[in-house]
Number of protein chains: 2
Amino acid sequence: MRKDKPPSTRRERLQERSRQRRESQKQELRQAILDAAGELFLAHGYTGFSLRQVAEHIGYAPGTIYLYFEDKDDLLFHVADEGFRRFSHAQQQAAAERTHDEPLKRIRALAEAYVDFGLENPAYYRLMFIERPDLMFRSHEPQARAWLSALDDYQEAFKTAAGAVLGESSDLLALSDLWWAALHGIVALANSMPFLYDPPRVKRMLNTALIRFFDQPR
Amino acid sequence: MRKDKPPSTRRERLQERSRQRRESQKQELRQAILDAAGELFLAHGYTGFSLRQVAEHIGYAPGTIYLYFEDKDDLLFHVADEGFRRFSHAQQQAAAERTHDEPLKRIRALAEAYVDFGLENPAYYRLMFIERPDLMFRSHEPQARAWLSALDDYQEAFKTAAGAVLGESSDLLALSDLWWAALHGIVALANSMPFLYDPPRVKRMLNTALIRFFDQPR
DNA sequence: TCATTTAATGAACGCTGTTCATAAGTGTAG
DNA sequence: CTACACTTATGAACAGCGTTCATTAAATGA
């Protein structure tokens, strides 16, 4: 069956190698842009983030970036993507940490991981959920759909867990909506007024939320 | 006692009149800038708001604005101030609407007014509580202090009302913190994903919140 | 009428995102 | 080996931004 192999003359092999090398170089520069973008974004925040700084940081002309990304939003989208990856990772880790058949502990672990992520990665959180939540819905990007389905999964998991604690009778859709809203509100407030809402006060808020939502005794 | 009056020669009276006229003209232009700023801000939103557009809209050179406001932030601060005035007005009206000795109804009315304000004035809400919450803390501006004390009053009122419903034993500070966080989360989510969180769904969230927080039966 | 104060200008600076004709480098075919 | 074609990067250019400032025009006071 040797003859099934593509006829590889020396010329063709060289050609292929060359193509691969150029391709990998291209990916390398693309990655360098992404790295620089992530670094500068974390350093200067959303408003201080500029394409020209990214270009200067990697030693290229501003226009070069447009050979690798559509526009600033596209680059920002990929920065946000990194944020979402870290976020998902933190959530999954929290979910795996405890036994999955104790719904309340599961909810608590996820909630704590959510708030912690927000407090520890304010720049990412701001980008993803406050300044540019629209990036989640860039429909043409395959990752966007992944985020959305991940959020759906999360909501589904929350609903089953909450259903187990509270009984199926409750309005579980509204409850899971509200639960996200509460977590987001906590992080958003802590994020924009850190001097007012210091970590202990934030923790008390979260605790109160867990009690109000899921603990029986009043 | 007539001679106590300032000696008013014709010259001095003219002088005074002239001064007043120039002063009122100055205030007029200042107000025109503010009006244009409010209009253009509501039309183009936070990111699309520019000083140069404001200047062009009233037929002045860009630099002129700096004779009446410190910088863009200062102008934005006064736009936000208008938002806070409307917000406070809506809250006060809601508080006055119902009998003040039914704490739960009072809480509900205030909460509904809060969410309604957020849904009906997305541009103002975004500016005040999402994009630039720091404007609340411009310490040197007297209005900033007014906002803050208003927020304190609000929190105090909420605490007494909630205390009446739930008993003083609860952690009322954390609870009122959380209550604001929940309301803010609801509005923020509805604001950034209106296609997902349509008004009925938002109303259900708010209702669920009121039930979870203040209704007895589980 | 003349000097002084005030108000407004518009050009300039440095920054932003974005486009595009040009140039340089690289691979391919004859 | 040479000539052509394609890829990649450039940097100037454009329009817009916030902000500053020397200059000008106008109104005021003497």
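Above this text you will find the structure in question.
Since the structure is predicted, the reported quantities are computational estimates derived from the model, not experimental observations. (Residues numbered from 1 in each chain as written. Chains lettered and ligands numbered in written order. Predicted model: local features only at pLDDT ≥ 70, side-chain atom pairs only at ≥ 80, totals over all residues. Heavy atoms only, no water.)

(A) Spatial organisation of the overall build of chain A. Looking only at helices and strands, one finds eight helices and zero strands in chain A. Mapped from its N terminus to its C terminus, chain A presents α and β elements in the order α-α-α-α-α-α-α-α. Taken across its 218 residues, chain A has 45% of its residues classed as buried. The contacts in chain A between residues at least 6 apart in sequence include a share of 63% that link residues at least 24 apart. For chain A, the computed accessible surface area is about 12,100 Å², with 52% contributed by carbon and sulfur atoms. (Helix = DSSP H or I, 4+ residues; strand = E, 2+ residues; numbered from the N terminus. Buried < 20%, exposed > 50% of the residue type's maximum accessible area, 1.4 Å probe, protein only. Contact = heavy atoms within 4.5 Å. Areas by Shrake-Rupley, 256 points an atom, 1.4 Å probe, with all protein chains shown as cover.)

(B) The relation of the copies chain A and chain B, seen in detail. Superposition of chain A onto chain B requires a rotation of 180° combined with a translation of 0.0 Å along the rotation axis, giving an RMSD of 0.0 Å. The superposition of one copy onto the other is thereby described by a two-fold rotation axis. A shared binding surface is used by both copies, with 100% of the interface residues of chain A retained as interface residues in chain B. (Least-squares fit on C-alpha atoms with pLDDT ≥ 70 in both.)

(C) Spatial organisation of the interface of chain A and chain B. Contact residues are listed per partner, giving 38 residues for chain A and 38 residues for chain B. Both faces combined, the contact of chain A with chain B buries some 3,300 Å², and carbon together with sulfur accounts for 63% of it. Linking chain A with chain B are four salt bridges. Salt-bridge contacts for R204 of chain B lead to D171 of chain A; the nearest nitrogen and oxygen are separated by 2.8 Å. Seen at the junction of chain A and chain B, the total is six residue pairs in polar contact (both at pLDDT 80 or more). Elements that contribute at least two residues to the side of chain A that touches chain B include exactly helix 5 (122-131), helix 6 (142-166), helix 7 (172-192) and helix 8 (199-214) of chain A. When residues of the side of chain A that touches chain B are assigned to their parent elements, the largest contribution, 14 residues, is made by helix 7 of chain A. (Buried area = accessible area lost by both parts, 1.4 Å probe. Salt bridge = Lys/Arg side-chain N within 4 Å of Asp/Glu carboxyl O. Polar contact = N/O pair within 3.5 Å; in protein donor to acceptor, adjacent residues only side chain to side chain.)

(D) Representation of empty space enclosed by the protein. Inspection of every chain in the model, using the stated rule, returns two cavities of 30 Å³ or more. What the largest cavity holds in volume is close to 100 Å³. Forming the boundary of the largest cavity are R126, F129, I130, H184, A188 and S192 of chain A together with R126, F129, I130, H184, A188 and S192 of chain B. Of all the elements in the fold, those that place two or more residues in the lining of the largest cavity are helix 5 and helix 7 of chain A together with helix 5 (122-131) and helix 7 (172-192) of chain B. Looking at side-chain class alone, the lining of the largest cavity contains six nonpolar, four polar and two charged residues. Every residue along the wall of the second largest cavity is listed here: R106, I107, L110, Y154, A157, F158 and A161 of chain A. If you list the elements that add at least two residues to the lining of the second largest cavity, you get helix 4 (103-120) and helix 6 of chain A. Per-element accounting of the lining of the second largest cavity gives the leading share, four residues, to helix 6 of chain A. Here the lining of the second largest cavity is composed, by residue class, of six nonpolar, no polar and one charged. (1 Å grid on protein atoms, 1.4 Å probe; cavity = no way out; pocket = protein on both sides within 12 Å on 5 of 7 lines; lining within 4 Å. Points joined across faces, edges and corners; volume = space filled by probe spheres on them. Nonpolar A, V, L, I, M, F, W, Y, C, P; charged D, E, K, R; others polar.)

(E) Spatial organisation of the pattern of salt bridges. All chains considered together, the criterion is met by 28 salt bridges over all chains. In this structure, D116 of chain B engages K203 of chain B in a salt bridge whose closest nitrogen and oxygen atoms are separated by 3.5 Å. Separated by 87 residues along the polypeptide, D116 of chain B in helix 4 (residues 103-120) and K203 of chain B in helix 8 (residues 199-214) bring together distant segments of the chain. Since its relative accessible area comes to 27%, D116 of chain B is described here as partly exposed. The class for K203 of chain B is partly exposed, based on a relative accessible area of 48%. Residues participating in the shared-partner salt-bridge network are D73, D74, R132, D134, R138 and E141 of chain A.

(F) Examining the packing of helix 3 (residues 72-97) of chain A against helix 6 of chain A more closely. Residue and element names in this part refer to chain A. At a closest axis distance of 11 Å, the pairing of helix 3 and helix 6 adopts a crossing angle of 30°. For the element pair helix 3 / helix 6, the angle class is roughly parallel. For the pair helix 3 and helix 6, the sense of crossing is left-handed. On helix 6, the residues that touch F77, H78, A80, D81, F84 and Q91 of helix 3 are Q143, A144, W147 and Y154. (Axes fitted to C-alpha atoms, helices over the stretch in contact; angles between N-to-C directions. Parallel < 35°, antiparallel > 145°, perpendicular 65-115°, else oblique. Left-handed = near helix turned anticlockwise from the far one by under 90°.)

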